[in-house]
Amino acid sequence: LLKEFGKEETSKLFSDFTCPKNPDVEEFIRSPSKAIRFEESDQSRTYLILDDETGLILAYFSISFKELFLGGFDVPKNQIKKLDGMRKDVERIRVFLIGQLAKNYSVKNNQLTLKNILEEVYAVIDQVRTLVGGRAIILECEDNARLIGLYLEHGFKVLNTIEDTDQLITMYIHISK
Ligand SMILES: CC(C)(COP(=O)(O)OP(=O)(O)OC[C@H]1O[C@@H](n2cnc3c(N)ncnc32)[C@H](O)[C@@H]1OP(=O)(O)O)[C@@H](O)C(=O)NCCC(=O)NCCS
C-alpha cells in the first residue's frame, strides 16, 4: 500500500478508521500514523482487511514478535514447558505478538468479528512459523472482563501475574501443531 500510494494517500485512507472502544488502537492507525512509522522501521507489519465491494477498511491488525519475560507471571512448570517446547525452567520465551487488532466502527453494519480477524492473523503467522518456528501468540489487552471473555472464547488463556498490577493483561494461545 505504502509503495503503491505513498505515505500521504495511505494516511488519508487510515483517517476514516474509528474505534471508540479502544482509543489506542484507533490512534495507532490514524494520522499521524504510527502504523506507517512502525512499518517503515520494521517494528511490526500491519494488515488491513478490506471490503471486496467498497474497498473500505473493515479491520486491521499488527503483528510482531517479542521475547516474553516470565518472571512476573505465575505459570505452572508444565505450561512453561509447553510454551518453550523443550524446558520447564526457562525465564524467557519467544512469541508472536498481536500488537494491535480492531474493527472499523466507521463502517456501518460491519459484519466482521474477532473470529474472522483471528483467521487472518493465523494465516499470516502460519507462514512465518513454517519458515522460522515459534509456538505461541500473545496479546496484551485492557483489563476488561468482556474483552478478556471474548479472547477466552477463542482459545486464548490469561497469563496470571504474581502480584496484582494495573498493567495490561497478557493472554496467549499455543499454535504448535
Ligand atoms: C475486538 C473486536 C474486533 C471484536 O469484535 P466482535 O467479535 O464483533 O465482538 P464485539 O465488538 O461485539 O465485542 C464483544 C463484546 O466485547 C466488548 N468489547 C470489545 N472491545 C472492548 C474494549 N476494548 N473494551 C471494552 N469492551 C470491549 C463489546 O462492547 C462487546 O460487549 P457486549 O456484547 O456487551 O456489547 C472489536 O470489539 C473491537 O474492535 N474492539 C475494540 C478494539 C480492541 O479493544 N481490540 C483489542 C486489542 S487487544
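The rules behind each value
Residues numbered from 1 in each chain as written. Predicted model: local features only at pLDDT ≥ 70, side-chain atom pairs only at ≥ 80, totals over all residues. Heavy atoms only, no water. Salt bridge = Lys/Arg side-chain N within 4 Å of Asp/Glu carboxyl O. Buried < 20%, exposed > 50% of the residue type's maximum accessible area, 1.4 Å probe, protein only. Helix = DSSP H or I, 4+ residues; strand = E, 2+ residues; numbered from the N terminus. Near = heavy atom within 4 Å. Polar contact = N/O pair within 3.5 Å; in protein donor to acceptor, adjacent residues only side chain to side chain. Areas by Shrake-Rupley, 256 points an atom, 1.4 Å probe, with all protein chains shown as cover. Pairing = 2+ DSSP bridges. Contact = heavy atoms within 4.5 Å. Axes fitted to C-alpha atoms, helices over the stretch in contact; angles between N-to-C directions.

### A word on the pattern of salt bridges
By the definition in use, this model includes 10 salt bridges. Two residues, Glu39 and Arg45, come together in a salt bridge whose shortest N-O distance is 3.5 Å. Classification of Glu39 by relative accessible area gives partly exposed; the value is 22%. Residue Glu140 pairs with Lys66 through a salt bridge whose shortest N-O separation is 2.9 Å. You can see Glu140 sitting in strand β4 (residues 136–141) and its partner Lys66 sitting in strand β2 (residues 57–69), a full 74 residues away along the chain. Look at Glu140 and you get partly exposed, because its relative accessible area is 35%. Each of Glu39, Asp42 and Arg45 takes part in salt bridges that share partners, so that together they form one network.

### Notes on the site of the ligand
Taken together, 19 residues lie near the ligand, and Lys21, Leu101, Lys103, Leu114 and Arg146 sit nearest. In this structure, an oxygen atom belonging to the ligand sits 3.2 Å away from a side-chain N or O atom of Asn22. Contacts to the ligand include Glu142, whose side-chain N or O atom sits 3.4 Å from a nitrogen atom. Compared with its free state, where it exposes 850 Å², the ligand has 76% of that area covered by protein.

### Some words on the sheet that holds β2
Ordered in space as β1-β2-β3-β4-β6-β5, the 6 strands form an open sheet in which the pairing is mixed. Every other strand in the sheet has two partners, leaving β1 (45–50) and β5 (157–158) as the edge strands with one partner each. Of the strand pairs in this sheet, β1 and β2 are connected by 6 bridges, and their pairing is antiparallel. Within β2, the residue paired with Leu50 across the bridge is Ile57. In the packing of helix α6 (residues 145–153) onto the sheet, contacts are made with β3 (92–103), β4, β5 and β6 (169–174), and the angle to β6 comes to roughly 10 degrees.

### Some points on unusual backbone geometry
The backbone of Asp42 sits at a positive phi, close to 60 degrees, despite the residue not being glycine. Relative to the helices and strands, Asp42 is located in the loop between α3 (34–40) and β1. Not every positive phi belongs to a glycine, and Asn109 is a case in point at roughly 50 degrees. Tracing the sequence through the fold places Asn109 in the loop between β3 and α5 (114–132). Using a relative accessible area of 68% as the deciding quantity, one classes Asn109 as exposed.

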